[in-house]
Amino acid sequence: MMTTDLHSLTQAEAQARLMRDVSLAAMRGEPALRVITGRGHSKKGADQGVLRLAVPRWLKAPRFRRLVRRVAEEPGNPGALIVELAGRPAATADRSA
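The paragraphs below set out a description of the structure included in this document. (Residues numbered from 1 in each chain as written. Predicted model: local features only at pLDDT ≥ 70, side-chain atom pairs only at ≥ 80, totals over all residues. Heavy atoms only, no water.)

1. Digging into the nonpolar core
Then step 1. Leu6, Leu18, Val22, Val35, Val55, Trp58 and Leu59 are the most contacted members of the largest nonpolar core, which totals 21 residues.
Then step 2. When residues of this core are traced back to their parent elements, those giving at least two are α1 (11–28), β2 (32–36), α2 (50–58) and β4 (77–85).
Then step 3. Counting residues per element, this core draws most heavily on α1, which supplies five residues.
Then step 4. If sequence neighbours within four positions are ignored, Val55 has contacts with Leu6, Leu18, Val35, Thr37 and Leu81. (Core = buried A, V, L, I, M, F, W, Y, C linked by side-chain atoms within 4.5 Å. Buried < 20%, exposed > 50% of the residue type's maximum accessible area, 1.4 Å probe, protein only. Helix = DSSP H or I, 4+ residues; strand = E, 2+ residues; numbered from the N terminus. Contact = heavy atoms within 4.5 Å.)

2. So, the pattern of salt bridges
Side chains bearing opposite charge may pair, as long as their charged atoms lie close to each other.
Then step 1. Evaluated as defined, the whole model comprises five salt bridges.
Then step 2. The partner of Glu74 in a salt bridge is Arg34, with the nearest N and O atoms 2.8 Å apart. Within this pair, whereas Glu74 is found in strand β3 (residues 68–74), its partner Arg34 is found in strand β2, the two being separated by 40 residues in sequence.
Then step 3. Look at Glu74 and you get buried, because its relative accessible area is 16%.
Then step 4. Assessed through its relative accessible area of 22%, Arg34 is described here as partly exposed.
Then step 5. Between Arg70 and Glu84 there is a salt bridge, with the nearest N and O atoms lying 3.3 Å from each other. Remark: Glu84 occurs in strand β4 and Arg70 occurs in strand β3; sequence separation between them is 14 residues. (Salt bridge = Lys/Arg side-chain N within 4 Å of Asp/Glu carboxyl O.)

3. Things to note about the sheet that holds β3
Then step 1. Spatially, β1-β2-β4-β3 is the arrangement adopted by the four strands of the open sheet, whose pairing is mixed. In this open sheet, the two edge strands, each paired with only one partner strand, are β1 (2–5) and β3. Between one strand and the next, the sheet's axes are offset by a mean angle of 25°, whatever the strand orientation.
Then step 2. Here α1 sits on the sheet in contact with β1, β2, β3 and β4, set at roughly 175° to β1. (Pairing = 2+ DSSP bridges. Axes fitted to C-alpha atoms, helices over the stretch in contact; angles between N-to-C directions.)

Shown next as structure tokens:
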């Protein structure tokens, strides 16, 4: 499974890298992409990372819709997501037959 690490990037950098890596993983036929967002911290101790909250929202956008099937927190790691990919687009049928 491919992994992309976004946790030290700005939102703009993270969004660009996410699009690049989701597209690349889908083209390679990967079943999933592990996305490290970091957990983030608030003064109250709750997990409030900007990327941790933004990435799932970005992955619901129209440009990702055809590539992403499902997004879930990685079990035991609140600083990472598992992005289940929809798979490669079907190849066009051979019309010479």
